[in-house]
Amino acid sequence: MSTLRFKALETLPFKDFRRDNSIEIPAKLSELFCQNVFSEETMREYLTKEAFTSILDAIKKGTKIQRHIADQVAVAMKDWAMSKGVTHYTHWFQPLTGSTAEKHDSFFTPIEGGRAIERFSGGMLIQQEPDASSFPNGGIRNTFEARGYTAWDPTSPAFIMGTTLCIPSIFISYTGETLDYKAPLLRALNAVDEAATNVMQYFDKNVTKVTPTLGWEQEYFLVDSALYQSRPDLVLTGKTLLGHSPAKGQQLDDHYFGSIPTRVMNFMKELEIECMKVGIPVTTRHNEVAPNQFELAPMFEEVNVAVDHNSLLMDIMARVAHKHHFHILFHEKPFAGVNGSGKHNNWSLATDTGENLLSPGKNPKKNLQFLTFFVNTIKAVHEYADLLRASIASASNDHRLGANEAPPAIISVFIGSQLFRVLEELEKVTNGKLSPEEKTELKLNVVGKIPEILLDNTDRNRTSPFAFTGNKFEIRAVGSSANCAESMTVMNTIAAKQLNDFKKEVDALIETGLKKDEAIFNILREYIKQCKNIMFEGDGYSDDWAKEAKKRGLNNLKTTPEALKQEMDKKFLDLYEEIGVFTHREVEARNEIKLEKYSTVIDIEARVLSDIARNHIIPSALNYQNRLIENVKGLKEIFGDKEFKTLAKEQMSLIANISENVSKIKLGVEDLIKARETAKAMSDSQKQAENYCNKVKPLFDIIREASDDLEMMVDDELWPMTKYREMLFTK
Ligand code: ADP
Ligand code: MG
């Protein structure tokens, strides 16, 4: 058999090299931890006291690093890196392409007299100018200045990959506009730090800094690399555009938390070793719901570092998978009919006094603090739900949201029935001043009861896009291929705005003569009333919820173009400007980039699908049909006109059936080509994306259905595309 499918299958399961890539994990993983990170520990060893203090201040307090200090840090970094065999350095950044970018420069510098030295200065550490004209910029760099530069982010530690020193950096244009994911995230993190620290003055004046925390959970698929290579759709689009679902999928739920196949285990072990070295604190690994789907999660970290670590992890995963003859799929929906992959973002706020602000405390005072941050978070999501929705929008995530495997596109908040009842109690708080009896009652029986309640609160709702899980909120709708920075920028921006507003409102009530606690209770009561419509405890996957949500006035932005349209709402533009995260221009540019990306993704899928359908599927179907025709002709020859009709009945019906499906594909592809051309010619990005979404994409289904039907008819030996069962069940 000459097709790629059979060549790939031949290399498969019996070859030892695919199985025996056995990896030993050292007994003490902890000894590997941060081996390749310019960590606080390493800095203490390599830096002068002055430089060390100054760097710590920059990290913890955001102070500026003096040039002579940067020079010292650069030399220390270089010495440390060279001691580990490093020869090059790069500013490591996250442009809006969605992957990480690096441009390696050598430490090696020729000097006079035919000599050379290894050089790395403060200037080189602080700034680098990548040839970045091909990164997406939504028109920003074209109009203003052709160049952008990367700048060192000292709050995320430098690390070594291979023989390169990687320096986490932001990427901005010379006119000051951000061109990456990190720069706006840092702005949002600063804003929420300031806002939350201000609010914390009501409760604990010792708090001088609040750091948002993020613990992501990364889901992914592994496919044998030979099988991956045999599927042009996987290679070119990251997902299968065709393929009949296998007889056995995930119906038995036998993969979830089942034992991990040896070959995958070896991949995971090596991955964990690599993660440890660069300081990614991965702690859990397990199978996911779908066959060949897995998940890993780290200990949570400060948001900025956690985001960098997730991006870095995705790079490392791809590389390690390759060594184990796997290809890793981060696409949200690589296979129809089996669950797709997500990336839950667990979010909370931590103080520099060691408290988690979303963790209920041991006394009524701490619990009022908890309720304050808890209710304010719900209020923030209530006010800016559409923005949160837009932050997780992508062509690939559209396949997951609302498909009964991931939360719907309706943003709602789940808090569990017990906390819901607490909020209902708080809703009854008297307007204005509270009587001493009411205060006592609130303290003892409402606020005071929270920790007890939560202890036995095993309430979990896996169908909610935004769920409270005991001491953090979990944003469950983020796609597996997304950069966490997008949802985290929105989350922290809206939290900052909300906490600022809260502070103003409480202060205003205190001005009128209310006590602090009374003022807080009064404001929280109003918030709870306003947010009632977004709180939902039931099954988010059900159709009833979609209807109910509509009644409640909640948006159901099912597709990326719809979600991105909302992003340009004046309310959101003003919010970003007020909090100092994005200028109008930056939002516009990013919106444009996302729309273009959406259209491009659908356009590529359309082209790949047309190609496969016409050049692989139709010829194979006709090939098989010809065999059937030969067979029928033969029967006729042997048995004569009358008898053959009975004998060849099934074959003839198959022949007709094949023709029907072939013609469906042919017409479908012709329509698809026309629709694509129309969409491609459109100049307004919003309209173009809508066109791709509503006019181009639906045609995929027609072609796919006919092709998947053919897959069930055509001789397995003639079918050119590697089948789902082969990709999903090869271990
Ligand atoms: P699951 O949601 O799968 O039941 P866990 O309760 O174990 O999982 O937590 C999932 C993630 O939540 C982990 O990545 C963990 O680091 C993260 N997490 C725990 N506490 C916090 C916190 N305070 N802030 C942010 N993330 C957190
Ligand atoms: Mg989770």
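Residues numbered from 1 in each chain as written. Chains lettered and ligands numbered in written order. Predicted model: local features only at pLDDT ≥ 70, side-chain atom pairs only at ≥ 80, totals over all residues.

Per an unreviewed UniProt entry, the protein chain goes by Glutamine synthetase and derives from Chryseobacterium fistulae. Recorded in UniProt for the protein chain, the comment headed Sequence similarities (unreviewed entry) runs: "Belongs to the glutamine synthetase family." (UniProt positions renumbered as here; feature names shortened; annotations may be inferred.)

### A word on the overall build of the protein chain
Helix and strand counts for the protein chain stand at 26 helices and 18 strands. Over its C-alpha trace the protein chain gives a radius of gyration of 29 Å, about what one expects of a compact globule, namely 27 Å for 731 residues. Taken along its principal axes, the extent of the C-alpha atoms in the protein chain is 105 × 80 × 55 Å. For the protein chain, the residues scored as buried account for 48% of the 731 residues in total. Expressed as a percentage of contacts within the protein chain between residues at least 6 apart in sequence, the contacts between residues at least 24 apart total 77%. (Helix = DSSP H or I, 4+ residues; strand = E, 2+ residues; numbered from the N terminus. Rg over C-alpha atoms; globule rule 2.2 N^0.38 Å. Buried ≥ 20, exposed ≤ 12 C-beta atoms within 10 Å, placed from the backbone. Contact = placed C-beta atoms within 7 Å.)

### Observations concerning helix α5 (residues 67-82)
If you check α5, its first and last C-alpha atoms are 22 Å apart, about what 16 residues at 1.5 Å a residue would give, namely 22 Å. Looking at α5, one finds that the buried residues are I69, A70, Q72, V73, A74, A76, M77, K78, W80 and A81. Elements in contact with the buried residues of α5: α3 (40-46), α4 (49-61), β5 (115-118), α6 (122-126), β8 (159-161) and β9 (164-173). (Expected span 1.5 Å × (residues − 1).)

### Digging into the domain arrangement of the protein chain
Domain assignment breaks the protein chain into domain 1 (33-180), domain 2 (190-582) and domain 3 (595-729). Taking only C-alpha atoms into account, the centre of domain 1 sits 31 Å from that of domain 2. Between domain 1 and domain 2, the contact holds 15 residues from the first and 12 residues from the second. Grouping the constituent residues of the side of domain 1 that touches domain 2 by class yields 6 nonpolar, 9 polar and no charged. (Domains from an automatic or database assignment. Nonpolar A, V, L, I, M, F, W, Y, C, P; charged D, E, K, R; others polar.)

### Description of the nonpolar core
Residues V73, M77, L125, L165, A196, L222 and V381 are the most contacted members of the largest nonpolar core, which totals 197 residues. In terms of residue count, the dominant contributor to this core is helix α23 (residues 584-647) (15 residues). (Core = buried A, V, L, I, M, F, W, Y, C linked by C-beta atoms within 7 Å.)

### Overview of the packing of helix α21 (residues 560-567) against α23
Their axes nearest at 10 Å, the elements α21 and α23 cross at an angle of 170 degrees. The orientation of α21 with respect to α23, classified from their angle, is roughly antiparallel. Taking contact as the criterion, the partners of T560, P561, L564 and E567 in α21 are, on α23, N591, K594, L595 and Y598. Of the residues contributing to the contact of α21 with α23, the split by class is 4 nonpolar, 2 polar and 2 charged. (Axes fitted to C-alpha atoms, helices over the stretch in contact; angles between N-to-C directions. Parallel < 35°, antiparallel > 145°, perpendicular 65-115°, else oblique.)

### A closer look at the site of ligand 1
Around ligand 1 sit 16 residues, and of these T213, G215, F300, N346 and S348 come closest. Of all the secondary structure elements, the ones that give two or more residues to the shell around ligand 1 are β10 (210-224), β12 (293-298) and β15 (343-351). Here the shell around ligand 1 gets 4 residues from one element, more than from any other, and that element is β10. Partitioned by chemical class, the residues of the shell around ligand 1 number 6 nonpolar, 7 polar and 3 charged. (Near = placed C-beta within 6 Å.)

### Quick look at the confidence of the model for the protein chain
Close reading of the predicted structure is inappropriate where its pLDDT is low. Of the residues in the protein chain, 94% have a pLDDT of 70 or more, and the chain-wide mean is 91. Averaged pLDDT values for the elements of the protein chain fall to 53 in helix α7 (residues 140-143) and rise to 98 in helix α18 (residues 484-511). We note a pTM of 0.95 for the whole complex and an ipTM of 0.95 for its interfaces. (pLDDT = per-residue confidence, 0-100.)

### Some remarks on the environment of Y228
As for its placement among the helices and strands, Y228 is situated in helix α9 (residues 225-229). Residues Y228 and S610, spaced 382 residues apart in sequence, show a C-alpha to C-alpha distance of 19 Å. Among residues more than four places away in sequence, those in contact with Y228 are V223, L234, V235 and H327.

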